[in-house]
Every structure is written in structure tokens, then in C-alpha cells.
Amino acid sequence: MIGVLLLLCLPGLVAAQQTEGQYDVRALGAKVGDLALSGTVKGSRYAVASRFETTGLVNALSGVWFQLKSNGRVQGNTFQPRNYTEEMNTGRRQSKERLTYSGGVARRGDPDTGRKSRYAVTDAEQKGALDPLTALFAVMRDQPAEGLCDLTQRVFDGKRLTELAMTRRTEAGPLITCHGIFRRVGGYSPEDLKRKRNFEVTVTYAPAGELMRLVEVRADTLFGPATVLRR
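Please read all numbers here as calculations on a predicted model, not as lab measurements.

## Here's the deal with the overall build of the protein
Here is step 1: Regarding its fold elements, the protein presents four helices and 13 strands.
Here is step 2: In the protein, which comprises 231 residues, the proportion classed as buried is 37%.
Here is step 3: Taking all contacts inside the protein whose residues are at least 6 apart in sequence as the whole, residues at least 24 apart take part in 45%.
Here is step 4: Only carbon and sulfur atoms are counted for the fraction: they give 52% of the accessible area of the protein, which is about 13700 Å².

What follows is the structure, encoded as C-alpha cells:
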């Protein structure tokens, strides 16, 4: 009630939609890590941050973590990234990546100075693609049931181009599940594409007030099925 009164009395304030989530990531038959995501949509702007850290239960993944941040503009379900940063520790090496956007095209903050890969993605191919975190936020944020599962979006991480396409929607009681395909598009060698090009994915949402909230993601990976479960 106090928040409603403030909005009525102070028209300059814009209500912000907040999405917060803590998730367990499971693969290889066990829990492998913790994922946290926090995002805000305020007017035509959005900002989101996420961190993943392995639990140490799987020795091969011990010490792995990554931290992502992204911001930009949003109108309805259409996102336009402005900045994306990524810090990663694979246990063997640490790396940083930064993308800035102009006209829907991503530019790397530290472009490679060596010879460009023969499989490099062109500006025309990646134009309009989202950064990985914005794409994750588009799927994982709280959102209306209407229009849920209506998504076909390309994703570019600075080197590789992929596409997430939701193909159908099913309902079971209050739950809504989106079924789709995650597809490798560019930046991969023929050997990589021959090994595996398409990965099935399902995303399930449950009611949270007037919106739907993600509760589970199931995805095929190179190492077998993986699951993300909301706590």
C-alpha cells in the first residue's frame, strides 16, 4: 500500500520489476554448482548480473566459476544490449570478455590481434544477437503467461553464434513448459558441428502472483542431460 501511494504521489518514479533467483545446477548424475541471477527492468532499461560456482563435488569441475553482467534497453520482449562483461575461472586459466554494442552489432573490448579464425562470425551474421546473459535473463525473468514460449533468438558471445528457438508449449495444471532447440550457428569448426549441432531444451514456469516464474530448465549437453532447479 505504501508503494502504491508513493507512485500516485510521485509520478516521476517508475516502478521496477525485479527478478531474483537461486538455482541448483545438476549434471553427471550429481549437483555440480550454484547459480544466482538478479535482474531489474525499470522503464525501458534493464540490468542483470549472474554468478555460477561449482560445488566441488565433481573433481573435474572443482574451482570453476564465472560472473556475468549486462545492461541495455528493453521494450516488451525485445532486448537491446549495451554492455556485457564476463569473468571466468576454469580452474586452469582466468579470462575476461567485454562486448559493447552499436547498431545491434557487438564489438569486443579486446579484439584478437592474431589471424582471424576461418570460421569467424561476421557482423552481418551476429547483428541483433543478444549477449549470453541477456538471453538467459529473457528466459529466466518473471513474465506474463501470455506470450510465454514465443521466442526465437540468436546469441553471440564474442566468438560463437547460437540460436534458441522455442517450438511448442504444453500445460499441466498451473505449470507451463516451453519446448525448444538450442542450435549452433557460427564460429564452430565442421568437426564441432558434426559432433553435435542441436541440443534439446525445456523450460518450465509456475505461477508467482500475476506472473510466471521459471522453476526448472532441462537441457541436453555434450556431456549428457543437465538440469537447473530453482530453490
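So much for the structure itself; the text now carries on.
## Digging into unusual backbone geometry
Here is step 1: We note that Leu 28 has phi near 55°; this positive angle belongs to a residue other than glycine.
Here is step 2: With respect to the helices, strands and loops of the structure, Leu 28 is situated in the loop between β1 (16-27) and β2 (30-42).
Here is step 3: By relative accessible area, Leu 28 is classed as exposed at 53%.
Here is step 4: Of note, the phi angle at Cys 149 is positive, near 80°, even though the residue is not glycine.

## Some details on the state of the cysteines
In a disulfide, the sulfur atoms of two cysteines are held together by a covalent bond.
Here is step 1: Overall, the coordinates contain one disulfide when judged by the stated rule.
Here is step 2: The side chain of Cys 149 participates in a disulfide bridge whose partner is Cys 178; the two sulfur atoms lie 1.9 Å from each other. Linking Cys 149 and Cys 178, the disulfide has an S-S dihedral of approximately -75° and is accordingly described as left-handed. With Cys 149 in the loop between α3 (132-140) and β8 (152-156) and Cys 178 in strand β10 (residues 175-186), the pair connects residues that are 29 residues apart, well separated along the chain.

## Some remarks on α3
Here is step 1: The buried fraction of α3 is high, at seven of nine residues.
Here is step 2: Those residues of α3 that sit buried are Leu 133, Thr 134, Ala 135, Phe 137, Ala 138, Val 139 and Met 140.
Here is step 3: If you check the start of α3, you find a side-chain oxygen 3.0 Å away from the backbone N of Leu 133, and it comes from Asp 131.

## Some thoughts on the packing of aromatic side chains
Here is step 1: Summed over all chains, the structure comprises four aromatic pairs.
Here is step 2: With centroids separated by 6.4 Å and ring planes inclined at 20°, the aromatic side chains of Tyr 46 and Phe 137 adopt a geometry described as stacked. Placement of Tyr 46 in strand β3 (residues 45-54) and of Phe 137 in helix α3 is noted, with a sequence separation of 91 residues between them.
Here is step 3: Since its relative accessible area comes to 1%, Phe 137 is described here as buried.
Here is step 4: Geometrically, the ring pair formed by Phe 79 and Phe 137 is edge-to-face, given 6.1 Å between the ring centres and 75° between the ring planes. On the criterion of sequence distance, the pair formed by Phe 79 in strand β5 (residues 78-89) and Phe 137 in helix α3 is long-range, its members being 58 residues apart. Both residues of the pair, Phe 79 and Phe 137, count as buried.
Here is step 5: Site record: aromatic cluster; members linked through ring pairs are Tyr 46, Phe 79 and Phe 137.
Here is step 6: For the cation-ring pair, Lys 196 lies above Phe 199, with the distance from its terminal atom to the ring centre recorded as 5.4 Å.

Definitions and cut-offs
Residues numbered from 1 in each chain as written. Predicted model: local features only at pLDDT ≥ 70, side-chain atom pairs only at ≥ 80, totals over all residues. Heavy atoms only, no water. Helix = DSSP H or I, 4+ residues; strand = E, 2+ residues; numbered from the N terminus. Buried < 20%, exposed > 50% of the residue type's maximum accessible area, 1.4 Å probe, protein only. Contact = heavy atoms within 4.5 Å. Areas by Shrake-Rupley, 256 points an atom, 1.4 Å probe, with all protein chains shown as cover. Disulfide = S-S within 2.5 Å. Polar contact = N/O pair within 3.5 Å; in protein donor to acceptor, adjacent residues only side chain to side chain. Phe/Tyr/Trp six-rings, centres within 6.5 Å; stacked < 30°, edge-to-face > 60°. Lys NZ or Arg CZ within 6 Å of the ring centre and 35° of its normal.

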